[in-house]
Protein chains: 2
Amino acid sequence: MYSQILDHISKDISLGSSEKEEFTGILSEKKILKKELLIKPGDKVDSEYYVVKGCLKAYYRDQAGEDHIIQFAIEDWWISDFEAFFRGTPAELYVEAIEDSVLLGIDKAALELLYQRIPKFERFFRLKITNAFVALRTRILSSLQKTGKERYLEFCQTYPQIEKRVPNYQIANYLGIKPESLSRIRKDLT
Amino acid sequence: MYSQILDHISKDISLGSSEKEEFTGILSEKKILKKELLIKPGDKVDSEYYVVKGCLKAYYRDQAGEDHIIQFAIEDWWISDFEAFFRGTPAELYVEAIEDSVLLGIDKAALELLYQRIPKFERFFRLKITNAFVALRTRILSSLQKTGKERYLEFCQTYPQIEKRVPNYQIANYLGIKPESLSRIRKDLT
DNA sequence: CCATCCGCTTAACATACATCAAGCATTTGA
DNA sequence: TCAAATGCTTGATGTATGTTAAGCGGATGG
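No experiment lies behind these values; they were computed from the predicted model shown.

Conventions adopted
Counting restarts for each chain, with residues numbered from 1 along the sequence as it is written. Written order decides the labels, with chains lettered from A and ligands numbered from 1. Predicted model: local features are reported for residues with pLDDT of at least 70 only, side-chain atom pairs are reported and counted for 80 or more only, and whole-chain, interface and lining totals are derived from all residues. Angles here are taken between N-to-C directions and fall from 0 to 180 degrees, while the axes themselves are lines fitted to C-alpha atoms, restricted in helices to the stretch in contact. Where helices and strands are cited, they refer to DSSP runs of H or I of at least four residues and of E of at least two residues respectively, numbered from the N terminus. To sort the angles, those under 35 degrees are grouped as roughly parallel, those over 145 as roughly antiparallel, those from 65 to 115 as roughly perpendicular, and the leftovers as oblique. We call two residues in contact when their backbone-placed C-beta atoms lie within 7 Å. Only Asp, Glu, Lys and Arg are considered charged, only Ala, Val, Leu, Ile, Met, Phe, Trp, Tyr, Cys and Pro nonpolar, and every remaining residue, Gly among them, polar. Remark: C-beta atoms are placed from the backbone, and a residue is labelled buried if 20 or more other C-beta atoms sit within 10 Å of its own, exposed if 12 or fewer do, or partly exposed between those counts. Here the rule is simple: two strands pair whenever DSSP picks up at least two bridges between them. By convention here, the C-beta atom is placed from the backbone, and a residue is near a molecule or strand when that atom is within 6 Å of it.

1. A few points about the packing of helix H6 (residues 148-158) of chain B against helix H9 (residues 179-189) of chain B
For any two helices packed against each other, one specifies the crossing angle of their axes together with the interaxial distance.
Residue and element names in this part refer to chain B.
Turning to step 1, where the next piece is worked out: Where H6 meets H9, the closest approach of the two axes is 10 Å, and the angle between their N-to-C directions is 75°. With respect to their mutual orientation, H6 and H9 come out roughly perpendicular. Mapping the contact onto sequence places Gly148, Lys149 and Tyr152 in H6 and Ser181, Leu182 and Ile185 in H9.
Turning to step 2, where the next piece is worked out: Residues that form the contact of H6 with H9 fall into these classes: 3 nonpolar, 2 polar and 1 charged.

Right, here's the structure in full:
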């Protein structure tokens, strides 16, 4: 049941069996169906979620009612409204299942206690946020300096599994271009 | 001498005087003149830097020889090639002084030891990276979804001190537009 | 002190992408 | 089962930004 997430964590820190138990003790399983919302604006965000199975997206809806996809998540990824989760502010994002999904939620307060008892978990999550930080920096450079075509090719190379599972109009949204433009780009590639 | 950085840290965590001493013990002052490089590609990056006084930029030079400014830093900001610093990989960025500057460098190995001795410093730097993460997310949304004009106005509002100190062609570069376009945008605004 | 460079602006033209509109195949669900 | 919704494509046209070229005032340095 928990072997997947424990393997995932063991890639970065090594855990004894009592530490594993203490960690899995604060996890709670959550199942969510396609199109259901895990988080919506205004929610208090107490948890971040590890994806055991499925596919989700986090997106921001602007004042004009336009959605902007910030993140996809599939197996072995983490998702939440991280700003709200870290800062304790109300959610500004929607997190929605693209497929039926199984998640493991971690409660923030329990996690803070765990950090105090076993500091290497604070290390693990610092590593995670650091990697996410670097990925965001790369994405900013791409979005500022590359054409839609270049960004699409980069996306396909970086996230081939996601490209296969998510409809093109959502990929276009993530890339910051219109579906019509993505369609033309794809036509050009063949 | 160290009161500025101690005040800065005390905004997020509270420190006893021995903790302050232990922290300042691992700092090393560094002065750097305008146009000098603090970091260049290939360097081993052992330190991150707190800006006591001055103004710097971090930028990436792509294969075509084009520079892309990732970050500016002025008083009370942190700067480095964070990817290289966190991961121990060779630097990919240039970090260069825009004005004569005074910095406080923190050595990574000494910092890791400090984390073990006084875990709240790990908390402090986790908060820092979290805030940086959120700022990057905001910047991605802007870069993907907003016009150059909107991004410029946002920049002026968010970083008014930087807008005053940095030449327009460098701001244009940071915003991902050409100086000619920024000039037209500015003309339009008056 | 004067030549050079730097930072900024403007203009004419090119290009990438958006917008608006329509059509079509596949999937969905009453 | 069949109508509606969904996801994708294509065409005509508009717009923001890039490209190329030129000029200008002020700072800089020999």
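Next, the rest of the story.
2. Considering the environment of proline 167 of chain A
Residue and element names in this part refer to chain A.
Turning to step 1, where the next piece is worked out: Here proline 167 is to be found in the loop between helix H7 (160-165) and helix H8 (168-175).
Turning to step 2, where the next piece is worked out: Owing to 10 C-beta atoms within 10 Å, proline 167 belongs among the exposed residues under this scheme.
Turning to step 3, where the next piece is worked out: C-alpha separation for the pair proline 167 and alanine 109, spaced 58 residues apart in sequence, amounts to 36 Å.

3. Regarding the sheet that holds strand S2 (residues 37-39) of chain A
All names here are of chain A.
Turning to step 1, where the next piece is worked out: Here 4 strands make up an open sheet; going across it, the order is S2-S7-S4-S5 and the pairing antiparallel. Every interior strand has two partners, whereas the edge strands, S2 and strand S5 (67-73), have only one. Direction aside, neighbouring strands of the sheet carry axes that sit 30° apart on average.
Turning to step 2, where the next piece is worked out: In this structure, strand S4 (residues 56-61) lies alongside strand S7 (residues 93-97), joined through 5 bridges in antiparallel fashion.

4. Some words on the interface of chain A and chain B
Turning to step 1, where the next piece is worked out: Each partner contributes to the interface: chain A provides 23 residues, whereas chain B provides 23 residues.
Turning to step 2, where the next piece is worked out: Going through the elements one at a time, S5, helix H3 (82-87) and helix H5 (119-145) of chain A are the ones with two or more residues in the side of chain A that touches chain B.
Turning to step 3, where the next piece is worked out: At 16 residues, the largest contribution of residues to the side of chain A that touches chain B is made by H5 of chain A.
Turning to step 4, where the next piece is worked out: Here the side of chain A that touches chain B is built from residues that sort into 13 nonpolar, 5 polar and 5 charged.

5. A look at the pairing of S5 of chain A
Each regular strand shows side chains that alternate between the opposite faces of the sheet.
All names here are of chain A.
Turning to step 1, where the next piece is worked out: Among the 7 residues in S5, 5 count as buried, and that is most of the element.
Turning to step 2, where the next piece is worked out: Where S4 meets S5, 6 bridges bridge the pair, whose relative direction is antiparallel. Bridge assignment links leucine 56 to a residue of S5, and that residue is alanine 73.
Turning to step 3, where the next piece is worked out: If you look at the hairpin formed by S4 and S5, you'll find 5 residues sitting between the two strands, and glycine 65 has a positive phi there, around 85°.

6. Description of the protein's contact with DNA strand C
Turning to step 1, where the next piece is worked out: Neighbouring DNA strand C are 16 residues; Thr147, Gly148 and Ser181 of chain A together with Asn168 and Ser183 of chain B lie closest to it.
Turning to step 2, where the next piece is worked out: Among the secondary structure elements, those contributing two or more residues to the surface near DNA strand C are helix H6 (148-158) and helix H9 (179-189) of chain A together with helix H8 (168-175) and H9 of chain B.
Turning to step 3, where the next piece is worked out: Per-element tally for the surface near DNA strand C: the top contributor is H9 of chain B, with 6 residues.
Turning to step 4, where the next piece is worked out: Split by residue class, the surface near DNA strand C holds 4 nonpolar, 5 polar and 7 charged.

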